[in-house]
Structures are given as C-alpha cells and as structure tokens.
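Chains, contacts and geometry: an overview
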Amino acid sequence: MIGVLTIVYNKLVFCLKKKKTFYIEYIVTFHLKMPPSAAGAEDSKAFVRKMLREVLVGREDPEGFFAVCVSVLGHQETRSRFLSLIQPLSTANSSLHSTLTSIYREYFSKTEDDELELALALSVLEMKDHQLSTPSQQSRLQQPGDSPNQSSCVQLTSVSQPQGSSHTQLADVAGRRKNTHSAQTGPWGMVCPPQTTQETELQKSTHVDKHDKETPGTSKTVCVSRTYASFSKQGTVKEGEQMIEEGDLNQSEKPKRSKNRRQRRKGSGQQVVGLPCSPSAPAPVLLWFRRDLRLCDNPALVGSLEVGAPVIPVFIWSPEEEEGPGITVAVGGACKYWLHQALSSFCSSLESIGSHLVFLKANGEGNRMESSLQTLKELIKETGARTVLANALYEPWLKERDDMVVSALKRDGVEFRMHHSYCLRDPYSVSTEGVGLRGIGSVSHFMSCCRQNPGSALGVPLDPPVSLPTSAHWPQGVSLDTLGLARMPHRKDGTTIDWAVNIRKSWDFSEKGAHAKLEAFLHDGVYRYEKESGRADAPNTSCLSPYLHFGQLSPRWLLWDAKGARCRPPKFQRKLAWRDLAYWQLTLFPDLPWESLRPPYKALRWSSDRGHLKAWQRGRTGYPLVDAAMRQLWLTGWMNNYMRHVVASFLIAYLHLPWQDGYRWFQDTLVDADVAIDAMMWQNGGMCGLDHWNFVMHPVDAAMTCDPYGSYVRKWCPELVNLPDELIHKPWKCPASMLRRAGVVFGQTYPERIITDLEERRSQSLQDVALVRKEFGQYVDKRTGCDLVPLPPRLVSEALGLSHRDGGAVAEGKQFLLPVITRMEFKHQLEDPDADAASNPYNAVLKGYVSRKRDETIAFLNERDFTASVMYEGAQRKERLESDYRRMEGLPRPPAPRGRARRTPTAKDRFSIVPGGAVASLR
C-alpha cells in the first residue's frame, strides 16, 4: 500500500474487522472539523465533491483525497461509488483520473488475509499498550450527552512513549512551509497552491480528543485522523483557471518574510505515528542522485519516503555519459572538485538522518550511454529493489540516457519514477503557442511563452526529512576518492600541485553553506542588486550559481525566499528565467555548445594566435580589469556576470578569438560551469546565438562602472596597488616617475599590453561580420536586415499547430528560416562594410557610467546618482542617433534645447552648476 495511506488503511481495517464503525465517525469528525450531523449520505457526497475540487487546484493530494473518501463514505460505499464520483475527471484531467483509479484498485486489491494480518498486528500492539498503561491512563471521561458512537478514540501511541515501547515510528517528514496564507505566483505567471498554517497542519496530522481531560502525570492520547505526507506534491492547475502574473498580487496578499525563516529550515520534529515493519520486509527503493545533492525541497527524496520502503541512496559516476556528442566539456576540473566536496557534505547530511550515500563508478566498457544502466541492473539484482527514483536532467544527451534507462528497467518489471526539480519550468514543456516565434531568444519572449502556456503549478518548497528508513542490506560501494573527482596533478619530484587551495578557502560546499549564502544576500546585497549588481568591488551579487548548478539549492526554494524578502528586485528574479531559457534553448538546439546557430558566422575569420589565448587565460593581457577578472576566475572558480561580459567581449571583439575557446575555458575553470547557460551566453557574445548582446564591454572604460576606485584590480593584481585611482585601469598612461615609485616595470612586474589599438581591432571585428553577412545573403532578411536561423523540427511543429513530437510536421529536405534579433550596428554596417566602428551611429561599445568625465554635467550626474547617469547616457545616445538620421536623410538639425544654467539648492561642490540643456534632455 502507498506509504502515505499506511496508517489510515491499517486503522480503517482494524475498525472494520472489529465492527467498530463509530471509530470511523470519530476520525471523520475530527479530521474534517465537521459536525456529527454532516455524516449523512448526501452531505458526505457533497463534501467529497468539494474535496475533489481541492485536489484539482493542488491544495490536496490524491492519496489524501482517497483517505477522506474511505473515512466519509465508508468501505463498501467507496468500493461501489468512488469510480463514478471521479468519472468526470476522465475527460477534464485524465492524469489525475488515472492516479486516483490506480489508488482505488490498489486499495481494494488487498486480500482478506492481508487485512486480517494487519488487524492482528494492531491488536497485539494495543494489547501491549493496554498492559503498560495504568488504570488512570485507560479511563476516559465522557461529556454529558455523548452518544456511544461519539466515544473516545482508540489509543495508537503516546506523544511521549515509555522506554521499551514496541511502537516503531516512521521517518518524520517535516510539514509544508508555514507563515503564508495566500496563493503564490509561480514561475512567470503560474499559480502556486497556498500554504497551510501551522494550526492547519497539526489538524491534518493528529488530533487530541476534545472530550479528553488531561490528568496530571499522564500523556495525551493521540488519534491519527489522516496521515498527511508532509512533503506536498506539486499541485495541478485546473484547466481554464485564471493565471496570475508576477506582481499582480497585492502587497497584503504576498507572503511576509518570517522572522523564523532559519528555524523553519531545521525541520521541525512533528512525529508521524506508524506500525512496525511487516515480517516480510518490502523491497528497498533505489534513490539515484545525480545533481540534486540536497535534503531541502527534493521531490525524489520525498517520493522515496512515500513508497513506504527502505531507501538506498546511490550516486553513480559515469564521466562518459556526462559529455555530449560534440565538445561540451560538461564537467571540467573546477566542476569536478566542487562535486567531490559537495558529495562529501551531502553524505554527512544523509548520515545525520540515519542513512548514507553509496558511491559507485560505472563501467565504461561497451556502449558509453549504457554504463549507468548496467550499474543499476547490478544494484537491483543485489538489493532486490523494484523501484528507482531520480530527479530529471534536461541536457538532451542525458535525457536520452534517462529515457533508455526507464525503458530498459520497465521491461525488467522495475518501476522508474522521474521527478521535475532542476528548473522552475520543465524545458520540454515550454511552448510558443499563442505567442509566436518573433523575439525568440530573449527572456521576455520566454516568459511570455510560460505565461501563455502554463504547466503545473510551482508548488510549495519541501522541508527536509528528519530521518530516512534504512535497509537491512546495503550494496557494496566504493570510496569517494575512488571516483577521482578531486585528483590533483603531481610534479616530477612526486609533490602534489594543489591548484584548488584558494577554491577551498573561498567557498562552503555544503547545503548549509548555500542557505547561509542566500540568507546573507537577502539581508544585505539584495537591496543594492537592482542598480549595482555590476559592481565588482562590492558583494552585491548572491554568488549562488554553483549551489544551483549542483542542486544544493533548488530554484523553487530560491524564488520562494526571494519573493518573501522585503526587497524583491525583478532583475534578480529574472535571473532564474534566464536559467530556464538557457535549458530551453539547449533542448531546441542540442549542438549549442559547439556549433554556431547563425550560419554566416561559422565563416568568420577568427585569429589563431595561441599566445593571445594563453595570455587571456592566465590574466596577463596588460589590461588590469581583464587580468583581475581572469585571475579571480582561476583562483576562486567564479566571477560575477558583468565581469564575464567584460572578458568575453575582450576575447571576441578585440582579440578576434572564437567564442568556443572562451566557452571551453569557462567550462574547465568555473565551479558553476553549466553547459546550457555558458553555451547560450557565449553564443550571444560571439554574435551567433538567438539573441545578440547589444553592447561590447570596453576593457578600460567599462571599469568606470564596475570598479571606479580600483579596489577590485588592487585585490587581484597586487603589483598595481600603488597606482592612483585615475590611472590604475590604464597604467601605460602613467608618467615614468610614477611607475618607478609604484614599482611597476612593464614586461617584468606587470605584462605589456598584448594589443594596443583597441579601436582598430574593434573596427576590424565589425568589418568581418559585415563581410560574412554579405557573403551569405540567403541568411539575411532583405526587408528587415535581420539574420535568419534554421528552425529545429520542434519549433516548426509548434508553428504549424501540430504536436511537439510529430516528426512528420517537417517536410523532408525543407529548411524553415526564422528572422531573429540582430544588432542594429550589424544592419547598418552591411550598407558600408569598410566603414570603421567610430562612424557607425549604432556603435555598441559600452563606455561606462560612473566616472566618465566628458563635461561637468556628466560628472555631476555620475557623482550624484548612478541611475541618472544611465538615463543621461541613453538620452545622449538617442540624440546622437536622431542627429545622424537627420544628416543621412538631408533633414535640418533640430532646434537647440532652451534653458538657462541654474545652481542646485543643495550641491556645494565644483559640479553644482548644471547646464540648462542637460535638464531639458533628462525630461
């Protein structure tokens, strides 16, 4: 029987066999908080239909609904009427109908002998309790007017049990999150089921007889009304139900941040009462961990508890399966090291709840995609397991592996349950229906697709269990070191090269460390994230990406806590949408990590200078900002998003090196190396992805935004520490005397610049793009100037209104081309391929915002307000584009803005005079 129904089932069987139907009425009365008169047939059926609606909107799970039916309708009535009650679901929600039907058949397939055995076991336990209890504990005080059918509940166990009690408590599973009263909006517009309060949870799990009077020195007698799986399943959204977009809820309806956030995560200890194991122990469950290395909000872990059998957690390392068919570098050196440390921490977490993780190394012989399958088959044979559970992975080659494993085990009679957890939205479920393909590749288009075609509700994050049922026989595994994840190279003299020493000092690899990082960010950095997340010299970012990649922190938990914080910056929440978008693109284009999506850009004339690539990798380019970022990457395995843009722009736009070189280096050195995210961002930066970066980071001027005072450069390039703030990002402009005092000698203490003419290199890059676009004119839309990208079959099927999996939707040999987002700079350059970048009115080079002192107005605005400086930069760019357009069309110049200079009332510095034109343009 399903684990969540075990207690209710046993109690009902006991009541039926003893013919004590008043126990059922007692259960119904206290579980449903209904008056005794509501036990009539019509009211009961109406209540069952009401509960069915609760299941449809995700506020009740199917197992609990079935338990309510048995309690309200009775055994025989449920057997005869249940299927007719749920018949409307066969067309409205076939999946739920199938689930409820399977529960019904499994429940009533129990034989008479099984029921008698369970009833006998319960009778023996109650007899032992009766012998242990004192007469005062057995006596029951009955209120006047109580009928025999409303008498007291049979005692199953006590909250505080005496030593030597024969009861075996099941693993306690912490309840749903508390302190919220309203529905939450899910990822990009999905409705999440509301949380129940602590009082409601206690009413669902246990009830103390309200007629009992507590006697001093005695413990309360508890009656189990319904065993509720403390980890809730993801709810289903009723068809046609109104979708609530993010931000539509009133402030009063949104969850308030609880002061006891940390206490909730510790897993409160509400006990679940259960029966001892049957003499014939059930077959164990294999819990296959891959990346979701956490206890909190782990659906596969919860699913293993609901089976009601011993759980054997396993981790199978198969490096051949991790890599895709091309050059993916899915698990580089830094990633492997983090995985080693994370597995060690997760093993300790499992030991704290009475279990442990079995490490296995897959046999790489034969078919590389079947090594995990062979290992699982050997495990099943050794342990006798008949069920395997795991959280899904979405890389196309890993999904293909998982589908093959599921099919093979199903043929052997082994059930494989796959749970969705790694992303907020299952990327294979995202559809463009109703939205179209225009703007594909942007996060706004992706979020519109999610809102237009919502899937299952996001659900409530799941708290960790406090214990895990263990098996009597554990399979033989290997040590964690045998996997070779953290193996260090050796010198010729035999000494070890510990390249990860700084990574160890920089990170806490545990799940606890992930939550501590999140707490610290929500208490401090989140308030500056919206405006200053690009700053490299201050901790304004969350640094949670490696924990998300290895599943030590679930995206659902992160989104839930971010919404619960007092400051809820949309920019931060959109980062999770970018993550889901990357996996969606990878499912559409499996060759994303190694093949350019835009055909013309495959013919770009890239540089082959390996010396430039090596200097970039080691942080020895001669440009302090780029060098500081690359050194931080090598030493700590991480850099913030803005700095990733800086170093990527330098590699592609100025060094003319292919984006694949940057992608592979990131995959090998980042502790959060993610194939989908890195491939998407490097393709966009390499001008060949579905979206175009509409900016190019200048290696010097960009420092004015992210490191205006040189603190970041001084930290990672200590040889420049004595240079002044104004020149630390361009030391080649320092006078010789200043360099001598600072101890800087180019070529010795600090490298010479590997390139000197940045503008010329940038213009050459732009001209190369114009040439390949002109050469491959069939991939350029003549009307709009946008690049054309061949569509994958799945998108073609959606565009034609057919099923995703209908391969016949695409005609053989026919290619469907889609106009995609293209940088305006490239469209203009196509008209004059030989023009330099400076003459292009859509020049995308980003100059920086904070200390760029073109005139007194910009200096004043930058000193006073970061946002105003960005607005002014945009206004200037708009005016420049309008002026260029008028010049090209032969139109007269617009009249100059009128206004007189005025003194600001509060400023007392040399920038307090604001030219009148600036004020007019800002308006």
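Attention in this report is confined to the structure presented alongside it. No experiment lies behind these values; they were computed from the predicted model shown. (Residues numbered from 1 in each chain as written. Predicted model: local features only at pLDDT ≥ 70, side-chain atom pairs only at ≥ 80, totals over all residues. Heavy atoms only, no water.)

Digging into the overall build of the protein
The condition that has to hold: Comment: elements are numbered from the N terminus, with helices defined as DSSP H or I runs of at least four residues and strands as E runs of at least two. Residues are treated as being in contact if the distance between any of their heavy atoms lies within 4.5 Å. We get accessible surface area from the Shrake-Rupley algorithm with a probe of 1.4 Å; when it comes to residues, only the shown protein chains can shield them.
In terms of regular secondary structure, the protein is built from 36 helices and 16 strands. Expressed as a percentage of contacts within the protein between residues at least 6 apart in sequence, the contacts between residues at least 24 apart total 77%. Accessible surface for the protein amounts to roughly 41500 Å². Of this, 51% is attributable to carbon and sulfur atoms.

Quick look at unusual backbone geometry
Convention followed: To sort residues, take the accessible area from a 1.4 Å probe on protein chains only and compare it with the maximum for the residue type: under 20% means buried, over 50% means exposed, and anything in between is partly exposed.
With a phi close to 60°, Cys 543 is a non-glycine residue in the positive phi region. Among the residues examined, Cys 543 registers a relative accessible area of 18% and is labelled buried.

Considerations on the sheet that holds strand β6 (residues 285-289)
Condition: Strand pairing requires that DSSP identify at least two bridges connecting the strands. A fitted line through C-alpha atoms serves as each axis, taken over the contacting stretch for helices, and the angle formed by two N-to-C directions is quoted from 0 to 180°.
Taken in spatial order, the 5 strands make up an open sheet running β8-β7-β6-β9-β10, and their pairing is parallel. A strand with exactly one partner marks an edge of an open sheet, and here the two such strands are β8 (358-361) and β10 (415-419). Between one strand axis and the next, the sheet turns by 25° as a mean value, whatever way the strands run. Alignment of strand β7 (residues 311-317) against β8, held across 4 bridges, turns out to be parallel. Among the inter-strand pairings, Val 314 is bridged to a residue of β8, identified as Val 358. Seen against the sheet, helix α12 (residues 299-306) touches β6, β7, β9 (387-391) and β10 and runs at an angle of roughly 155° to β9. Sitting on the sheet, helix α16 (residues 396-411) touches β6, β9 and β10, and the angle it makes with β10 is about 150°.

Description of the pattern of salt bridges
Counted only if it meets this: The rule for a salt bridge is simple: a side-chain nitrogen of Lys or Arg has to be within 4 Å of a carboxyl oxygen of Asp or Glu.
Here the structure, examined in full by the defined rule, presents 25 salt bridges. Here Arg 81 makes a salt bridge to Glu 77, at a shortest N to O gap of 3.6 Å. Highlighted residues: Arg 81 and Glu 77, both in helix α5 (residues 75-85), separated by 4 residues, approximately one helical turn. Residue class for Glu 77 comes out partly exposed when judged on its relative accessible area of 28%. The closest approach of N and O atoms between Asp 661 and Arg 610, which form a salt bridge, is 3.0 Å. Remark: Arg 610 occurs in helix α23 (residues 610-618) and Asp 661 occurs in helix α26 (residues 659-669); sequence separation between them is 51 residues. On the accessibility criterion, Asp 661 (11% relative accessible area) is buried. With relative accessibility at 44%, the residue Arg 610 sits in the partly exposed group. Taken together, the shared-partner salt bridges in this structure form one network comprising Arg 290, Glu 321, Arg 401 and Asp 402.

Description of the nonpolar core
Across soluble globular proteins, you tend to see nonpolar side chains buried next to one another. Where we set the bar: Buried residues of nine kinds, namely Ala, Val, Leu, Ile, Met, Phe, Trp, Tyr and Cys, make up a nonpolar core once their side-chain atoms join them within 4.5 Å.
Counting residues in each nonpolar core, the largest one holds 162 residues, and the members touching the most others are Trp 616 and Met 643. Judged by nonpolar contacts, the second largest core, of 23 residues, contains Val 48, Val 55, Cys 69 and Val 72.

Things to note about empty space enclosed by the protein
Under the convention used in this document: The pocket and cavity definitions rest on a 1 Å grid over protein atoms only: a 1.4 Å probe that fits but cannot leave marks a cavity, an open set with protein on both sides within 12 Å along at least five of seven lines marks a pocket, and residues lining either have an atom within 4 Å of a point. Grid points are joined across faces, edges and corners, and a volume is the space filled by probe spheres set on the points. Polar here means any residue outside two lists: the nonpolar Ala, Val, Leu, Ile, Met, Phe, Trp, Tyr, Cys and Pro, and the charged Asp, Glu, Lys and Arg; Gly therefore counts as polar.
Tallied over the entire structure, the rule returns 11 cavities of 30 Å³ or more. What lines the largest cavity is a set of 22 residues, among which Arg 290, Arg 291, Trp 317, Glu 322 and Val 331 lie closest to the centre. Secondary-structure elements contributing two or more residues to the lining of the largest cavity are β7, α13 (319-322) and α14 (333-352). Counting residues per element, the lining of the largest cavity draws most heavily on β7, at 3 residues. Across the lining of the largest cavity, the residue classes tally to 12 nonpolar, 3 polar and 7 charged.

A look at the packing of aromatic side chains
Rule in force here: Aromatic contacts are taken between Phe, Tyr and Trp rings whose centres are within 6.5 Å, Trp giving its six-membered ring; a plane angle under 30 degrees counts as stacked, one over 60 as edge-to-face, and the others as tilted. Cation placement over rings: the criterion is NZ of Lys or CZ of Arg within 6 Å of the ring centroid and within 35° of the ring normal.
On inspection of all chains with the given rule, the structure shows 27 aromatic pairs. Centre to centre, the rings of Phe 289 and Phe 346 are 4.8 Å apart; their planes meet at 70°, and the pair counts as edge-to-face. Here the residue Phe 289 occupies a position in strand β6, and Phe 346 occupies one in helix α14, the gap between them amounting to 57 residues. Considered together, Phe 289 and Phe 346 belong to a single accessibility category, that of buried residues. Measuring from centroid to centroid gives 6.3 Å for Trp 507 and Trp 638, while their planes differ by 75°, and the two rings are edge-to-face. Taken together, the residues span a long stretch of sequence, with Trp 507 in the loop between α18 (501-506) and α19 (511-532) and Trp 638 in the loop between α24 (624-636) and α25 (641-654) at a distance of 131 residues. An aromatic cluster is built from Tyr 337, Trp 338, Trp 499, Trp 507, Phe 509, Tyr 547, Phe 550 and Trp 638, whose rings are joined through pairwise contacts. The residue whose ring lies beneath Arg 291 is Tyr 422, and the NZ or CZ to ring-centre distance is 5.3 Å. When the ring centre of Tyr 422 is taken as reference, the NZ or CZ atom of Arg 579 above it lies at 4.6 Å.

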